[in-house]
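# An overview of the molecular structure
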Amino acid sequence: MSESTKKSQGSLVRISLALAIAASVSACATGTNPRDPLEGYNRAMFKFNDTVDQVALKPVATAYKTVTPSFVQTGVGNFFGNLSDVWSAVNNLLQGKGEAGLQDVVRVSMNSTFGLLGLIDIASQAGIPKHNEDFGQTLGWYGVQPGPYVMLPLLGPSTVRDTVALPLDITGDPWRYKDPVSVRNIGTVTRVVDKRAALLDATNLMEAAALDRYEFIRDGFLQARESKVFDGDTDRRDRKVPKNHTSDYEPEYEAKPPADSVAPAAAAAAVLAPADLVTSGSNTVASEARPQE
């Protein structure tokens, strides 16, 4: 590992720890939702992310989706999805989920060879399921509580736990070590734009809907993270949470169901994964946005 890479990783660790400490210290800040004590800061950061998206990312993603053939977009999504399977395998094995971890290993092997370096998702066609695991989920699997909801600059929704885990998620991305750096940077930009393009229709519906997008995304994100951590097994979640303890995910009010017209946007918000998040107006860009084909 080069000296520059080590320094970069050290910086990421320090930044994430600083964010986590700041979030914890600020837990007494104004906010009526116990899951979101930093709501004032989070809303400001949400607005910042939204501005960046409207000015830069969304127009580029719109042009990309219009000009780029669909099979190329599918290939880009499959390629980076194949790379993400490597880190998913590591986290599944860390969680003791041997079968899922081996499935991830098989997926990478098949797609990297028969699938032309991952451009074609042969594994899914063969019936091998895709998992999306990150280190934040691994910590949650072992009972580490998420802590307050945090909106990260450019990276979107997270929690204190997932923010602390973020440096390891970034370190576990194989593309991070691609040389030369110019190719790595081009690929990174393409990856971000492709993810944003995949959610254009859903986020356009959300932007047009008469609802509080901040709350909509926050609540959808927290519910989705809970489901991901426990693989949808609420019984296992209840066994992990001590008696008389209120889960950070438990809503303090009965959420109103979204209108039928925004159902696609709700579905998009429900598949968020903070390790894969990039900026967008709705802060909902995730690697799972486009199904692997």
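Residues numbered from 1 in each chain as written. Predicted model: local features only at pLDDT ≥ 70, side-chain atom pairs only at ≥ 80, totals over all residues. Heavy atoms only, no water.

### Comments concerning the overall build of the protein
For the protein, the count of helices and strands is 12 helices and 2 strands. The proportion of buried residues among the 293 residues of the protein is 47%. Total accessible area computed for the protein in this model is approximately 14100 Å², and 64% of it derives from carbon and sulfur atoms. (Helix = DSSP H or I, 4+ residues; strand = E, 2+ residues; numbered from the N terminus. Buried < 20%, exposed > 50% of the residue type's maximum accessible area, 1.4 Å probe, protein only. Areas by Shrake-Rupley, 256 points an atom, 1.4 Å probe, with all protein chains shown as cover.)

### Looking at the pairing of strand β1 (residues 149-152)
Judged by which residues are buried, β1 turns out to be covered on both faces: Y149 and M151 on one side and V150 and L152 on the other are all buried. Turn length for the β1-strand β2 (residues 156-159) hairpin, with the two strands adjacent in sequence and antiparallel, is 3 residues, and the turn residue L154 shows positive phi of about 70 degrees. (Pairing = 2+ DSSP bridges.)

### With respect to the side chain of D194
Inspection of the secondary structure assignment puts D194 in helix α8 (residues 181-198). Polar contacts involving the side chain of D194 include one to the side chain of Y64, which spans 2.8 Å. (Polar contact = N/O pair within 3.5 Å; in protein donor to acceptor, adjacent residues only side chain to side chain.)

### What to know about the environment of L152
Along the chain, L152 turns up in strand β1. The class of L152 is buried, set by a relative accessible area of 3%. The spatial distance from the C-alpha of L152 to the C-alpha of N42 is 7.9 Å, given a sequence separation of 110 residues.

### As for a nonpolar patch on the surface
Taken together, the side chains of F48, L154 and L155 present a nonpolar region at the surface, about 240 Å² in accessible area. Note that F48 resides in helix α2 (residues 39-67). The exposure class of F48 is partly exposed, given its relative accessible area of 40%. (Patch = residues over 30% accessible without salt bridge, like charges linked within 9 Å, V, L, I, M, F, W, Y side chains within 5 Å. Salt bridge = Lys/Arg side-chain N within 4 Å of Asp/Glu carboxyl O.)

### Quick word on the packing of aromatic side chains
Aromatic rings considered in pairs are described by the distance between their centres and by the relative angle of their planes. Using the criterion set out here, one finds 6 aromatic pairs in the structure. A centroid spacing of 5.1 Å and a plane angle of 85 degrees characterise the contact between F79 and F80, whose relative ring orientation is edge-to-face. Pairing Y149 with Y214 gives two aromatic rings, centres 6.3 Å apart and planes at 70 degrees, and the pair type is edge-to-face. Residue Y149 is located in strand β1, and its partner Y214 is located in helix α10 (residues 213-229); the two are separated by 65 residues in the primary sequence. Relative accessible area serves as the criterion here: at 0%, Y149 is assigned to the buried category. (Phe/Tyr/Trp six-rings, centres within 6.5 Å; stacked < 30°, edge-to-face > 60°.)

### What to know about the packing of α8 against helix α9 (residues 200-208)
As a packed pair, α8 and α9 sit with axes 5 Å apart at the nearest point and diverge in direction by 55 degrees. With respect to α9, the axis of α8 lies oblique. Along its contact with α8, which presents R196, A197 and A198, the element α9 presents L200, T203 and E207. Partitioned by chemical class, the residues of the contact of α8 with α9 number 3 nonpolar, 1 polar and 2 charged. (Axes fitted to C-alpha atoms, helices over the stretch in contact; angles between N-to-C directions. Parallel < 35°, antiparallel > 145°, perpendicular 65-115°, else oblique. Contact = heavy atoms within 4.5 Å. Nonpolar A, V, L, I, M, F, W, Y, C, P; charged D, E, K, R; others polar.)

### Details of the pattern of salt bridges
Within this structure, the stated rule accounts for 20 salt bridges. Across the pair E39 and R43 runs a salt bridge whose closest N-O atoms are separated by 2.8 Å. One end of the pair, E39, and the other, R43, are both in helix α2, 4 residues apart, so they sit about a helical turn from each other. Under the relative-accessibility criterion, R43 is labelled partly exposed at 29%. Between D173 and R191 there is a salt bridge, with the nearest N and O atoms lying 2.7 Å from each other. Of this pair, D173 sits in the loop between α7 (160-171) and α8 while R191 sits in helix α8, placing them 18 residues apart in sequence.

### As for α2
Of all the bends in α2, the largest measures some 50 degrees and sits at D53. Tucked inside the fold, the buried residues of α2 contact α3 (70-94), β1, β2, α8, α9 and α10. (Bend = angle between axes of the 7 residues up to and from the residue.)

### Some words on unusual backbone geometry
Omega for the peptide link from D179 to P180 comes to 0 degrees, which places this bond in the cis form. Inspection of the secondary structure assignment puts P180 in the loop between α7 and α8. In this model, L116 sits at a positive phi of 55 degrees, which is unusual for a non-glycine residue. Relative to the elements of secondary structure, L116 occurs in the loop between α4 (98-113) and α5 (122-125). Backbone geometry places L117, a non-glycine residue, at a positive phi of 65 degrees. Mapped onto the fold, L117 is located in the loop between α4 and α5. You can call L117 exposed: its relative accessible area is 60%.

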